[in-house]
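Below, each chain spelled out in residue letters.
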There are 6 protein chains.
Amino acid sequence: MFGTRTDNRKDRALREVSLERNVMKNAAGSCLVKFGDTHVLCSATIEERVGGWRKGSGMGWLTAEYAMLPASTAKRTPRETKGRKGRSQEIERLIGRSLRNVCDMANMGGEVTMTIDCDVLQADGGTRTAAITGAWVAAYDAFEMWRTSGKVKTNPLYGQVAAVSVGLVGGRLLLDLDYREDSQAEIDMNVVMNAKGEFVEVQGTGEQVSFSRTRLNEMLDMAEEGIGELLRLQREVIGKE
Amino acid sequence: MFGTRTDNRKDRALREVSLERNVMKNAAGSCLVKFGDTHVLCSATIEERVGGWRKGSGMGWLTAEYAMLPASTAKRTPRETKGRKGRSQEIERLIGRSLRNVCDMANMGGEVTMTIDCDVLQADGGTRTAAITGAWVAAYDAFEMWRTSGKVKTNPLYGQVAAVSVGLVGGRLLLDLDYREDSQAEIDMNVVMNAKGEFVEVQGTGEQVSFSRTRLNEMLDMAEEGIGELLRLQREVIGKE
Amino acid sequence: MFGTRTDNRKDRALREVSLERNVMKNAAGSCLVKFGDTHVLCSATIEERVGGWRKGSGMGWLTAEYAMLPASTAKRTPRETKGRKGRSQEIERLIGRSLRNVCDMANMGGEVTMTIDCDVLQADGGTRTAAITGAWVAAYDAFEMWRTSGKVKTNPLYGQVAAVSVGLVGGRLLLDLDYREDSQAEIDMNVVMNAKGEFVEVQGTGEQVSFSRTRLNEMLDMAEEGIGELLRLQREVIGKE
Amino acid sequence: MFGTRTDNRKDRALREVSLERNVMKNAAGSCLVKFGDTHVLCSATIEERVGGWRKGSGMGWLTAEYAMLPASTAKRTPRETKGRKGRSQEIERLIGRSLRNVCDMANMGGEVTMTIDCDVLQADGGTRTAAITGAWVAAYDAFEMWRTSGKVKTNPLYGQVAAVSVGLVGGRLLLDLDYREDSQAEIDMNVVMNAKGEFVEVQGTGEQVSFSRTRLNEMLDMAEEGIGELLRLQREVIGKE
Amino acid sequence: MFGTRTDNRKDRALREVSLERNVMKNAAGSCLVKFGDTHVLCSATIEERVGGWRKGSGMGWLTAEYAMLPASTAKRTPRETKGRKGRSQEIERLIGRSLRNVCDMANMGGEVTMTIDCDVLQADGGTRTAAITGAWVAAYDAFEMWRTSGKVKTNPLYGQVAAVSVGLVGGRLLLDLDYREDSQAEIDMNVVMNAKGEFVEVQGTGEQVSFSRTRLNEMLDMAEEGIGELLRLQREVIGKE
Amino acid sequence: MFGTRTDNRKDRALREVSLERNVMKNAAGSCLVKFGDTHVLCSATIEERVGGWRKGSGMGWLTAEYAMLPASTAKRTPRETKGRKGRSQEIERLIGRSLRNVCDMANMGGEVTMTIDCDVLQADGGTRTAAITGAWVAAYDAFEMWRTSGKVKTNPLYGQVAAVSVGLVGGRLLLDLDYREDSQAEIDMNVVMNAKGEFVEVQGTGEQVSFSRTRLNEMLDMAEEGIGELLRLQREVIGKE
């Protein structure tokens, strides 16, 4: 059986979460998000161009990039300078999809591209869920700046998204796994939800074992609670509580 | 509202599925899987080597590669000769995880690697679910060959896995989407299950909309039915019905 | 001295050849060609664009790509995802040149590109000669579709091409070498001819030995016979016998 | 003529400099260095391996990597995922050489490699000089950790290095240029010095103009002063003032 | 009809050929070969290592690399720094095969690799035939140096090879085509022969037209004459006339 | 202490220098520069295009590329076909900057790019300084050709640049180091100057040691003398003595 969580955290408890805005003076929007010892620097840039496949549509596009600093991990992670790893691309595709789910791309002020860069400064499990949660704040702020400069009338982000992980570790359901827990998890689930309490993305993986419908629903219950708290923190930090 | 499905298929019906074994004389195991007009050639190769990170463990490894022939799609898809696309890597990681879930890697006859190549000859939606379903047959046969040659005593694949997609299209739940349906889907879900009726992998994505717990459970019900049929076909084709 | 050929084939005999048309629903033209156990899937796609160097010429272009599925060979062949191998590029250049020799590129319906993808499903020697022979059928059919859709008045392929290998193995001249024979050949020759009985391409290589003019002419005699048979099969399959 | 410097800085004054240690829990040593709005995260990792060319020498190696976060610049800088830019490689080679100049590689505890990652979080001119100055602190701390763990008896960094830029802008000599100044500079010089007041590296470039010996010496005088201050700050931060 | 050749050269005449030895002090053997305005610098290096596939065989290997300096052509040719072109790889494979045909790889003094670098300084048609002819001289000299240093008892190059092009231009057969002729050729043939007057490699391509057996034999007659002269020059330059 | 220099060269003496013009018939300007056994082939090409960032400016651009032939070095140097080395990019950036310092890019006849290719045929130390010195001659000649063809009224190169290395070897200051000297140098300095006797670029590196201001000035004195001689040779070779 799995022992005590770090800092005596309860099974259903998030780690200490912080969302610090405006941390990069050159980005239109930025947020340093911390889920415990997992720290991700999210920045949102808007460029007045779209990919060839989007030209002439009159619509914008929103995409994400994800990378880890080499020293963010216990064993140094080499830079992806000769081609991208599948894991990184998978994560950045997830971040992009999650944000696009609440973004009105027909109302971005024309054929513009928002790129949300998520750079992991320190990794301790849950980098993708922290990244989604922080990316939303960075995107919100960048679009506010866009709105202030008269490019759009309303913020194209019409809803909120946040994400958290849930896992089964030593037979015990845990919320927001850190690296030690994640590396021992039998089931690993990442959930992205919006402020209506609905799912945007559900990804559950049995690492060693398979899981029943009942188990799945228990995990989603736990995720829902955690995400509710994260959405509240997002609103607080942008001053819309 | 979404209209009639191709060939008047019922909402809860799979496309015509076929699993043809031993189609490549040089592969240890192979299976040409067809989900309607989606055709994927799966082949399993066993090599007596493992990656550096696995050396000295005494255990084997199982991995997958996924690619589309250029003319498999309506618009020609360029070959990935200068780096891999995120989508391809995401799919091959999913195939690999799904098969490893039912594979006893400590009983593969030592430090050997099974590579399952999934090459899409023709794409009409659901290539990843077809690939997983066919990959299982190819892997099973390759391990049987391995067993026959005395390398292992029992087939390391101790369970079955199969996969199917479910989607919400024009407000209607549909099983096993073809390309036309998939490109209009509001919600897209891929489900991998085993013969115990449990989940190995659940990936649900809201493309335009979010979805409730009730909707999620309806979709999983539908997937469960379809996968049951695929698992039965797998057993039939390997002669273990 | 070299022993018996597989299936007691005569020295001057082709392997069993088949040309199956229309095997890929998304390609304009396609042909699964088999020279014994060598199976190549050829598909022809027409795109309404040309490379920069061809723009403004009013002419079309025809090119080929060649690749082997990893499990097509006895020992798994890695995918060429980080740069192409010289052998593959050499073969695809040969296929392209051979087809262009009988193609009226000024009559392709403008600045369009035909790409012929030749993917080896199973390799047992002679993949390049099988590819050329099957590529011709795929290209013919794609151009027929192009003609039917009114893009051109006549099929731009104004002639036929087919190809075969000849080799000296253990001092004996053999037609259409399989892998076992090819790997022991002292001289290896690939010949491409048209329906006028003339050469389009002749490539002869002494692997261990050099060869005289007399030997060269004997080999060409043998190739001429085999190609005559292949050209007849092509006509038969397109219904122009 | 060039106008007022930001914050009414004097021509011979450094920007506000800070060196924050131990900012990354997974790195052996780390330092967030700020030269005004230029922020560079430096981390030092020690791995027990050396490149092939160094094997069997009994000596260690010290190297550096340099990259900019995409949103560190006013216009987003693409990631170097398909090959490195010359500028980045030039800078990381400079950082590596500067640190090796004061490192006893024969006394690193065997064939180990220290990699100093310098990631620019925010760029406002002088990223390479800030990186060198911060890299020294990160390296020092990592080697102290190495010493504490008994791998070496004394810290292999036997001296200090720090760096600053000097430039001629609108005919006026300025110390520690920010981006606005740097982009208008007629002469640009980067100087690396040690605690003996001697040069480790001098790189001066006339962008538009050439420069005399007298001018060169004036610039070196100015650099010397600035570096003296930086060396003092380094000592202060490691507690060896 | 095709007009006068440059310098009133006869149809069956070679351009002025020169073979200058020992032009690179660091190479074991080197030769600057000129076929008129085509200049290729060939150098042969011997390294005491072989590729993994050759290890344990006790045999050596001989390979070639081919590249063009950017300014060797009328329109600047970009460097192949992001992957090799098919044409370059095809040519270097031809050079390697031609030289291996006369090299006793079991007698190279163990598991060593000879690399023959052929760098085109100036291109005016026939770079591959000039490269083969010059490469032989560079290889011969490098192996002589190898023999002198006691590594082998006899020079592993037991025969000579040289190469020339023949073409049909405006209906006229021409030997050793320059760029202007080559770009207008209807048939283009490259022939490699040895001192026994036998073929090592024959590559004939119909660019616009096909060609009969009679035509082929006329072209080979012409090549044979030219190669005879080149072989004589090789012997002269190494002092074995 | 360091012994005798090759050929009893004096400490303050250049190696034998030669600048041979017009050595490549296809380049607009070319120069084979020799500093003793260091031989670099420099060619200048002018193309009527500029990079995207320069479009619409009405100005030209001048850039350089640097590469070593594999056999130019004692140990064969692999070609940079899979990405460029930092050293090569650093050198070509230095060559480009040095030439741009004396080039009026607003007077290049519009949006044209001059590329100066510097290919090292033989390396014996000082390849970058030889390259800069020879590149100037190639660029001058190419611009003269440009002027003669009426593209510009005056040669855009309004000044001269040449370069030399200086080093401290065994405590002794030496000019224009060869490879043997360079590999033992404690301090290595490359200096680029113009005909006004002013500096264009100064790069000094302490390899093992640091250096004082006095030492720096002694080294610059020595460089100045050597460069004066190189500038005189450049004028002589272009006939402007």
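How each quantity is defined
Residues numbered from 1 in each chain as written. Chains lettered and ligands numbered in written order. Predicted model: local features only at pLDDT ≥ 70, side-chain atom pairs only at ≥ 80, totals over all residues. Heavy atoms only, no water. Pairing = 2+ DSSP bridges. Helix = DSSP H or I, 4+ residues; strand = E, 2+ residues; numbered from the N terminus. Axes fitted to C-alpha atoms, helices over the stretch in contact; angles between N-to-C directions. Contact = heavy atoms within 4.5 Å. Parallel < 35°, antiparallel > 145°, perpendicular 65-115°, else oblique. Left-handed = near helix turned anticlockwise from the far one by under 90°. Buried < 20%, exposed > 50% of the residue type's maximum accessible area, 1.4 Å probe, protein only. Buried area = accessible area lost by both parts, 1.4 Å probe. Salt bridge = Lys/Arg side-chain N within 4 Å of Asp/Glu carboxyl O. Polar contact = N/O pair within 3.5 Å; in protein donor to acceptor, adjacent residues only side chain to side chain. UniProt positions renumbered as here; feature names shortened; annotations may be inferred. Least-squares fit on C-alpha atoms with pLDDT ≥ 70 in both.

Details of the sheet that holds strand β4 (residues 61-68) of chain B
Within a beta sheet, neighbouring strands are joined by backbone hydrogen bonds and run either parallel or antiparallel to one another.
Residues and elements named next belong to chain B.
(1) Moving on: Read from one edge to the other, the open sheet built from five strands follows the order β1-β2-β3-β5-β4, with strand pairing classed as mixed. Edge positions in the sheet fall to β1 (17-21) and β4, since each of these pairs with one other strand and no more. Neighbour-to-neighbour, the strand axes of this sheet turn through a mean angle of 15 degrees, independent of strand direction.
(2) Moving on: Bridge count between strand β3 (residues 38-47) and strand β5 (residues 113-122): nine bridges; the pairing is antiparallel. From the neighbouring strand, L41 faces β5, where its bridge partner is D119.
(3) Moving on: Packed on one face of the sheet, helix α1 (residues 86-100) meets β4 and β5 and runs near 145 degrees to β4.
(4) Moving on: Along the sheet, helix α4 (residues 213-237) contacts β1 and β2 (29-35); its crossing angle with β1, the most-contacted strand, is approximately 30 degrees.

Regarding the packing of helix α2 (residues 127-148) of chain E against helix α4 (residues 213-237) of chain E
All names here are of chain E.
(1) Moving on: Between α2 and α4, whose axes approach to 11 Å, the crossing angle comes to 25 degrees. Classified by the angle their axes make, α2 and α4 are roughly parallel. Judged by the twist between their axes, the crossing of α2 over α4 is right-handed. Residues T133, W136 and V137 of α2 touch α4, and the partners they reach there are L230, Q234 and V237.

Structural notes on the arrangement of the chains
(1) Moving on: A minimum C-alpha distance of 11 Å separates chain C and chain D, which share no contact.
(2) Moving on: The two units chain B and chain F are non-contacting; their minimal C-alpha-C-alpha distance is 11 Å.

Points about the pairing of strand β3 (residues 38-47) of chain E
All names here are of chain E.
(1) Moving on: Counting buried positions along β3 gives 10 out of 10 residues, so the element sits mostly inside the fold.
(2) Moving on: Where burial is concerned, the two faces of β3 agree: the one with T38, V40, C42, A44 and I46 and the one with H39, L41, S43, T45 and E47 are both buried.
(3) Moving on: Taken together, the seven bridges between strand β2 (residues 29-35) and β3 define a ladder with antiparallel strand orientation. The partner of S30 across the bridge, within β3, is S43.
(4) Moving on: What sits between the antiparallel neighbours β2 and β3 is a turn of two residues, in which G36 has the positive phi angle 60 degrees.

Description of the interface of chain B and chain A
(1) Moving on: Listed as interface residues are 33 residues of chain B and, on the opposing side, 33 residues of chain A.
(2) Moving on: When chain B packs against chain A, the two sides together hide about 2700 Å² of surface, and 37% of this comes from carbon and sulfur.
(3) Moving on: Applying the counting criterion to the chain B and chain A interface returns six salt bridges.
(4) Moving on: The residue E90 of chain A makes a salt bridge to R93 of chain B at a minimum N-O spacing of 2.6 Å.
(5) Moving on: The tally of links from chain B across to chain A stands at 29 residue pairs in polar contact (both at pLDDT 80 or more).

Some words on the UniProt feature "domain: Exoribonuclease phosphorolytic" (unreviewed entry) in chain A
Residue and element names in this part refer to chain A.
(1) Moving on: Mapped onto the present numbering, the UniProt feature "domain: Exoribonuclease phosphorolytic" (unreviewed entry) falls on residues 14-142 and 160-226.
(2) Moving on: For the annotated span residues 14-142, helix accounts for 24% and strand for 31% of the residues, and the straight-line distance between the end C-alpha atoms is 27 Å.
(3) Moving on: For residues 160-226, the helix share is 27%, the strand share is 43%, and the end-to-end C-alpha distance is 14 Å.

So, the relation of the copies chain B and chain A
(1) Moving on: Of the two same-sequence chains, chain B is brought onto chain A (RMSD 0.0 Å, axial shift 0.0 Å) by a rotation of 180 degrees. In short, the pair behaves as if placed about a two-fold rotation axis. Closest approach to the rotation axis within chain B is made by the C-alpha atom of Q203 of chain B, at a distance of 2.2 Å.

Examining the interface of chain E and chain C
(1) Moving on: Of the residues lining the interface, 33 residues belong to chain E; the matching set on chain C comes to 33 residues.
(2) Moving on: Between chain E and chain C, a total of about 2700 Å² is buried, with carbon and sulfur atoms accounting for 37% of that surface.
(3) Moving on: Where chain E touches chain C, the interface holds six salt bridges.
(4) Moving on: When the shortest N-O distance is used, the salt bridge between R213 of chain E and D221 of chain C registers 2.7 Å.
(5) Moving on: Our count for the contact surface shared by chain E and chain C stands at 29 residue pairs in polar contact (both at pLDDT 80 or more).
(6) Moving on: At the level of secondary structure, the elements contributing two or more residues to the side of chain E that touches chain C comprise α1 (86-100), β9 (199-206) and α4 of chain E.
(7) Moving on: A per-element tally of the side of chain E that touches chain C places β9 of chain E first, with eight residues.
(8) Moving on: Sheet topology note: the strand β9 (residues 199-206) of chain C/β9 of chain E ladder contains five bridges and is antiparallel. Following the sheet pairing, Q203 of chain C is matched in β9 of chain E by Q203 of chain E.

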